[in-house]
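# Survey of secondary and tertiary structure
Residue strings, one per chain:
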Amino acid sequence: MACKRGALIVLEGVDKAGKTTQCKRLVDALLAGGRPAEIMRFPDRTTTIGKMISAYLERKSDLEDHAVHLLFSANRWELVPLMKEKLEQGITLVVDRYAFSGVAFTSAKPGFCLDWCMKPDVGLPKPDLVMFLQLSPADAALRGQFGDERYETKVFQKAVQQKFEHLMMDRSVNWQVIDASQNIEDVHNNITTHSLNAINVAQNRPLGELWK
Ligand code: FDM
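Residues numbered from 1 in each chain as written. Predicted model: local features only at pLDDT ≥ 70, side-chain atom pairs only at ≥ 80, totals over all residues. Heavy atoms only, no water.

### Focus: the packing of aromatic side chains
Per the counting criterion, the structure on display carries 10 aromatic pairs. An angle of 65 degrees between the planes, with centres 5.0 Å apart, marks the rings of Phe100 and Trp175 as edge-to-face. Residue Phe100 is located in helix α5 (residues 99-107), and its partner Trp175 is located in strand β6 (residues 175-179); the two are separated by 75 residues in the primary sequence. Of the two residues examined, Phe100 and Trp175, each falls in the buried class. By the ring-pair criterion, three or more aromatic residues cluster together here, those being Phe42, Tyr98, Phe100, Trp175 and Trp211. (Phe/Tyr/Trp six-rings, centres within 6.5 Å; stacked < 30°, edge-to-face > 60°. Helix = DSSP H or I, 4+ residues; strand = E, 2+ residues; numbered from the N terminus. Buried < 20%, exposed > 50% of the residue type's maximum accessible area, 1.4 Å probe, protein only.)

### Some thoughts on the UniProt feature "domain: Thymidylate kinase-like" (unreviewed entry) in the protein
Per the UniProt record, "domain: Thymidylate kinase-like" (unreviewed entry) is annotated on residues 11-191. Here residues 11-191 is 49% helix and 14% strand, with 9 Å between the C-alpha atoms at its ends. (UniProt positions renumbered as here; feature names shortened; annotations may be inferred.)

### What about the site of the ligand?
Close to the ligand lie Arg41, Phe42, Pro43, Arg45, Leu57, Phe72, Arg76, Arg97, Ser101, Gly102, Phe105 and Tyr151, which account for all nearby residues. Interatomic distance of 3.0 Å between a side-chain N/O atom of Arg45 and an oxygen atom of the ligand. Gly102 is positioned with one of its backbone polar atoms (N or O) 3.4 Å from an oxygen atom of the ligand. Calculation on the ligand without its partners gives an accessible area of 480 Å², and the protein chains cover 91% of this total. Going through the elements one at a time, α3 (65-77) and α5 are the ones with two or more residues in the shell around the ligand. Per-element tally for the shell around the ligand: the top contributor is α5, with three residues. (Near = heavy atom within 4 Å. Polar contact = N/O pair within 3.5 Å; in protein donor to acceptor, adjacent residues only side chain to side chain. Areas by Shrake-Rupley, 256 points an atom, 1.4 Å probe, with all protein chains shown as cover.)

### Digging into the nonpolar core
Core analysis: the biggest nonpolar cluster contains 42 residues, and Tyr98, Phe100, Leu167 and Trp211 have the highest contact counts within it. No other element matches α5, which puts five residues into this core. Look past the residues within four positions of Phe100 in its chain and what remains in contact with it is Val10, Glu12, Pro127, Val130, Phe164, Leu167, Val173, Trp175, Leu210 and Trp211. Ala7, Cys23, Leu26 and Val94 belong to the second-largest nonpolar core, a separate cluster that totals 22 residues. (Core = buried A, V, L, I, M, F, W, Y, C linked by side-chain atoms within 4.5 Å. Contact = heavy atoms within 4.5 Å.)

### Digging into the state of the cysteines
Simply put, disulfide is the name for a covalent bond between the sulfur atoms of two cysteines. Following the criterion strictly, the structure yields zero disulfides and no others. A disulfide-free cysteine, Cys113 has its sulfur positioned 6.4 Å from the sulfur of Cys117, the nearest such atom. (Disulfide = S-S within 2.5 Å.)

### A closer look at the pattern of salt bridges
Applying the stated criterion across every chain yields a total of 12 salt bridges. Measuring nitrogen to oxygen at the nearest pair gives 3.2 Å for the salt bridge that ties Arg97 to Asp15. Of this pair, Arg97 sits in the loop between β3 (92-96) and α5 while Asp15 is found in the loop between β1 (8-13) and α1 (19-32), placing the two residues 82 residues apart along the sequence. Exposure class is identical for Arg97 and Asp15. Each is buried. (Salt bridge = Lys/Arg side-chain N within 4 Å of Asp/Glu carboxyl O.)

### Examining the packing of α5 against helix α8 (residues 154-167)
In the contact formed by α5 and α8, the axes pass within 8 Å of each other and the chain directions differ by 130 degrees. Taken as axis vectors, α5 and α8 run oblique relative to one another. Here α5 and α8 pass one another in a crossing that is right-handed. Of the residues in α8, those in contact with Phe100, Ser101, Val103, Ala104, Phe105 and Ser107 of α5 are Phe156, Gln157, Val160, Lys163, Phe164 and Leu167. (Axes fitted to C-alpha atoms, helices over the stretch in contact; angles between N-to-C directions. Parallel < 35°, antiparallel > 145°, perpendicular 65-115°, else oblique. Left-handed = near helix turned anticlockwise from the far one by under 90°.)

### Focus on the sheet that holds strand β2 (residues 37-41)
Think of a sheet as strands paired side by side through backbone hydrogen bonds, with each pair either parallel or antiparallel. Spatial strand order, β2-β3-β1-β5-β6: five strands in an open sheet with parallel pairing. Two strands in the sheet have a free side with no partner beyond their single neighbour: β2 and β6. Each strand axis lies, on average, 25 degrees off the axis of its neighbour in the sheet, ignoring direction. As paired elements, β2 and β3 share five bridges and run parallel to each other. Each residue of the ladder has a partner; that of Glu38, found in β3, is Leu93. Helix-sheet contacts for helix α4 (residues 80-88) involve β1, β2 and β3, and the interaxial angle to β3 is about 140 degrees. (Pairing = 2+ DSSP bridges.)

The structure is reproduced here in structure tokens:
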């Protein structure tokens, strides 16, 4: 019998919500429980496209807003063959940001609509579970200053949060909102429970296509 596929699990959320920490904790917990799992993050800054994105985020280069949106999407598409290969091998992928960040961040800029922003990512591998780490701006502020990269301002992050809320109304995606104001351990346990469920369900179902 062919091996059961891994699940595609995405963590999204505004800055300071703890996505990166929780992705690592989740992969460690899955591995400790004997479930193959790997971490991925978008943007993946290691590829040629990723390096262009990284320079843009670090303000070392300027790119037109539509063009950079398409680069973020291309950065996901270039990794799709690898993602599919790993999922087919039974490896669960825990992904730090995905197309939802892509849409939320660009559509928070003036002159962009959600619909245009979603188009380039239509058909990407569909996550079996997307967890949104919810954190109020006040709680985020308590976790320290924003960094110096592009988008790391209070005003912009608030606009991004509103766009995420819009995206979360889409019932075709398995969204789970996680209260990220709890302590790291409680957030981790909550995330692990949802993930184990998703892994069980995913193994008997084909991988879907996002927004199709
Ligand atoms: N970002 C991330 C986008 O604008 N579009 C995307 O498609 C993705 C995946 O890039 F500000 C933004 C979100 C964030 C930045 O930061 C990446 P991290 O710290 O590497 O997650």
